[in-house]
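Tertiary structure, described
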Amino acid sequence: MGEKKAEVFTIATAHLDTSWLWTLETTIKEYLPDTVKRNFAFFEKFPEYKFNFEGSYRYELIKEYDPEAFEKIRRYVNEGRWHPCGSCYENGDVNIPSPEAMTRNILYGNGFFEREFGVKSNDIFLPDCFGFGRALPTVAAHSGLTGFSTGKLFWGSSVPIPFDTGRWTGPDGNGVWAALMPFSYTTVFKKIEKAKRVRGKLEDNAKKGLPSYTFAYHGTGDRGGAPHKTSVRNVVTSQRNNKNADIKVYSATTKEFFDKIEFASDAEKARFPVYDGEFLLTAHGAGSYTSRTVTKRWNRRCELLADAAERFACAAYINGFAEYPQNSFDTAWKKVIAHHFHDDITGTSFEACYKRNHNDYVQALHTFSSEYTAACEALARHLDTSFVTGIPVVVANPLQCCDSRMQAVKVRVNSKSEYFRVFDSNGEEMPSQTKNISETEKEVTFVAKVDSCSLTVFDVRASTQCCESDTGLCIRENGIENKYLTVTIDKNGDICSIFDKRLQRELLRKPIRLGIYNDVHSFDWPSWEVKYEDLCHPPYMYAADPVIRIKEQGPALCAFEIVSTAGRSTFTQTVSLDCESEYVSVQNETDW
């Protein structure tokens, strides 16, 4: 091993699924108390023992339901024996949540650790998670973190595992130190320094010229608890014998391991290999991108609405029009992030778990929506409406676009007038169309040009004539056309052609069809997996027997509604194009 003794940093942990084959209530009543009790016992028996436990959400629950135990944890944290690792509020999935949500996860996690314990984690700790996108090291680095560990790549990494420990970089070149071969979190150690797997890692690292230390999990899962007593005793015994052994063993924290690398000399850090890419799994987890799809939809709606609400709330606060609703945002975001847990948002938990999931998403949506509305109202009160002769309508654009974009906007007006026309502050008429909802209610659709992150006032005027703007938008029996695109629908109800007028080329090689695939090769993990062999076969059924009708027709927006079936499932597609759109919009609703 060379003159310098090799070192093994053992990381004791108790992996806990906040909810999975059980609900949160079971975690609160059984698994968290068991985790606390068993590790406290080890602290009393083995003074050298150190324990790593992630997720400030769990700490919040302990503080709420067992404040006495929480105070004892605080004491052990101060002694450096209980380590709040992982930096995050919840040890969640890192592929479905947005970078904003991932950043807030770290913000809330380390924020809690710093407030309650006076410490911060320096790592992302994900022993069990279903693949890791390339954004993760960039988000972690920009959050001030230096380390990452997982043992999940042994479940089928889409790329060869590049190293035991090395540098993992993201798209912007920033990154973290990554421990990718730490063994399973359920490992039970015997004589560690004699273990073939441990010595094998160290010898392989030595052959590659890497520093002579490694990182290894031992513990239990998925119900929390503590490592096996045998494993704890053997680690402590080995540590006590470090002076006489050729390999030093430490009961360590994740922070100690990653600090050792981060504060090493530049020459030593330069010896570590670098990987620039992603670590997705080939099968396990691939199916979780679509399992219980409604949770992904609501999560994304929350993320987008939160972003919009925060932008306009900032504008209202900076201008002195309203207080900034920090507590509301934090509470709602925590409800969302709590469900980023890797068996929750992935759709791989018991059905009972999703009663709380769906309720929390709806509550968060309500909060974000209320704050968005309040911020827009506060700003709208100060807009100039003096040019308006009809109904003033304020349109908000929360998007961070570099240029102004024109989009179709719909508003409902209580009036008996047959038509409405829309004008901007310069008196220029916007393409619009009016549709009857009832005798007294009309839906006005118009194309609004609104700058990025701004609000614009439009004048919606009652009229005896419809808007007759020649926008070049038209709809016919089998297609829609504007100045950019010609979209054709075939007899099967499928988009068979998208012709780009500017490029003068067809964009499709074949029709876009709704196909039903067999999912028969995953017996043990059906919610987690989509098997490659299933996708290699053509669909066994396509949506057919379409009923096609024109849903929208006017100078602002044209759309088809296409209802088709496959077996007992019904698919409703809305294919639309507005007069300024450079892309085709397709909305799908499925009744399985």
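As a reminder, the structure under discussion sits directly above these lines.
Below is a short write-up of the structure. (Residues numbered from 1 in each chain as written. Predicted model: local features only at pLDDT ≥ 70, side-chain atom pairs only at ≥ 80, totals over all residues. Heavy atoms only, no water.)

Side note on the side chain of Asp494
On the secondary structure map, Asp494 appears in the loop between β20 (485–489) and β21 (495–500). Residue classification places Asp494 among the buried positions, given a relative accessible area of 5%. (Helix = DSSP H or I, 4+ residues; strand = E, 2+ residues; numbered from the N terminus. Buried < 20%, exposed > 50% of the residue type's maximum accessible area, 1.4 Å probe, protein only.)

A closer look at the layout of surface pockets
Quantified by volume, the second largest pocket comes out at close to 990 Å³. Looking at the second largest pocket, it is lined by 24 residues, and the ones nearest its centre are Thr290, Ser291, Thr293, Thr590 and Trp592. Where the lining of the second largest pocket is concerned, the elements lending two or more residues are α10 (293–318), β23 (515–516), α13 (532–535) and β28 (585–591). Its residues assigned to classes, the lining of the second largest pocket comprises 10 nonpolar, 9 polar and 5 charged. (1 Å grid on protein atoms, 1.4 Å probe; cavity = no way out; pocket = protein on both sides within 12 Å on 5 of 7 lines; lining within 4 Å. Points joined across faces, edges and corners; volume = space filled by probe spheres on them. Nonpolar A, V, L, I, M, F, W, Y, C, P; charged D, E, K, R; others polar.)

A few points about the packing of helix α1 (residues 24–45) against helix α3 (residues 67–78)
Contact geometry for α1 and α3: axes closest at 12 Å, N-to-C directions at 40°. By the angle class used here, α1 and α3 are oblique. Note that α1 runs across α3; the crossing there is left-handed. On the side of α1, the interface is formed by Val36, Phe40, Phe43 and Glu44, while α3 contributes Ala69, Lys72, Ile73 and Tyr76. When its residues are assigned to classes, the contact of α1 with α3 shows 6 nonpolar, no polar and 2 charged. (Axes fitted to C-alpha atoms, helices over the stretch in contact; angles between N-to-C directions. Parallel < 35°, antiparallel > 145°, perpendicular 65-115°, else oblique. Left-handed = near helix turned anticlockwise from the far one by under 90°. Contact = heavy atoms within 4.5 Å.)

As for the sheet that holds strand β17 (residues 454–463)
Picture the strands of a sheet paired through backbone hydrogen bonds; they go either parallel or antiparallel. Within the open sheet, the 4 strands sit side by side as β11-β17-β13-β14. Their pairing is antiparallel. Each edge of the sheet is formed by a strand with only one pairing partner; in this case those strands are β11 (391–397) and β14 (429–430). In this sheet, β17 lies alongside β11 in antiparallel orientation, the contact comprising 7 bridges. Paired with Val394 across the strands is Val457, a residue of β17. (Pairing = 2+ DSSP bridges.)

Points about empty space enclosed by the protein
Overall, the coordinates contain 3 cavities of 30 Å³ or more when judged by the stated rule. Taken together, 13 residues line the largest cavity, and the ones lying closest to its centre are Cys88, Val94, Asn105, Ile124 and Leu136. Only α4 (99–117) and α5 (135–142) provide two or more residues apiece to the lining of the largest cavity. In terms of residues, the lining of the largest cavity owes the most to one element, α4, which gives 3 residues. In terms of residue class, the lining of the largest cavity is built from 8 nonpolar, 3 polar and 2 charged. Around the second largest cavity sit Glu54, Gly55, Cys85, Gly86, Ser87, Cys88, Glu90, Asn91, Ile124, Phe125 and Leu126, which together line it. Split by residue class, the lining of the second largest cavity holds 5 nonpolar, 4 polar and 2 charged.

Observations concerning the sheet that holds strand β4 (residues 123–125)
The sheet built from 5 strands is open, its strands ordered β4-β5-β7-β6-β10 with mixed pairing. Across the chains shown, the open sheet's two edge strands, defined by having one partner strand only, are β4 and β10 (274–276). The average undirected angle you get between the axes of adjacent strands in this sheet is 30°. Relative to strand β7 (residues 175–179), strand β6 (residues 165–169) runs antiparallel, the two being bridged by 5 bridges. Directly across from Gly166, in β7, lies its bridge partner Ala178. Packing against the sheet, α5 makes contact with β4, β5 (147–149), β6 and β7, and its axis sits at approximately 115° to β7.

Some points on the environment of Val395
Along the chain, the position of Val395 falls in strand β11. Taking the C-alpha atoms as reference points, Val395 and Arg75, separated by 320 residues in sequence, lie 54 Å from one another. Ignoring anything within four residues of it in the chain, the contact list for Val395 reads Val409, Phe446, Ala448, Val450, Ser454, Leu455, Thr456 and Phe458.

What to know about unusual backbone geometry
Omega for the peptide link from Gly221 to Asp222 comes to 10°, which places this bond in the cis form. You can see Asp222 is positioned in strand β8 (residues 213–222). Notably, Gln504 is not glycine yet its phi reads approximately 55°, a positive angle. Looking at the secondary structure, you find Gln504 in the loop between β21 and β22 (505–506).

Quick word on the packing of aromatic side chains
If you walk through the whole model with that rule in mind, you get 47 aromatic pairs. Taken together, a centroid distance of 5.1 Å and an interplanar angle of 80° make the contact between Trp22 and Tyr31 edge-to-face. Just as Trp22 is buried, Tyr31 falls in that class too. Arranged with centres 5.6 Å apart and planes meeting at 70°, the rings of Phe215 and Tyr217 form a pair that is edge-to-face. It is Lys334 that lies over the ring of Tyr108; its NZ or CZ is 5.7 Å from the centre. Its end group placed over the ring of Tyr542, Arg513 keeps NZ or CZ at 3.8 Å from the ring centre. (Phe/Tyr/Trp six-rings, centres within 6.5 Å; stacked < 30°, edge-to-face > 60°. Lys NZ or Arg CZ within 6 Å of the ring centre and 35° of its normal.)

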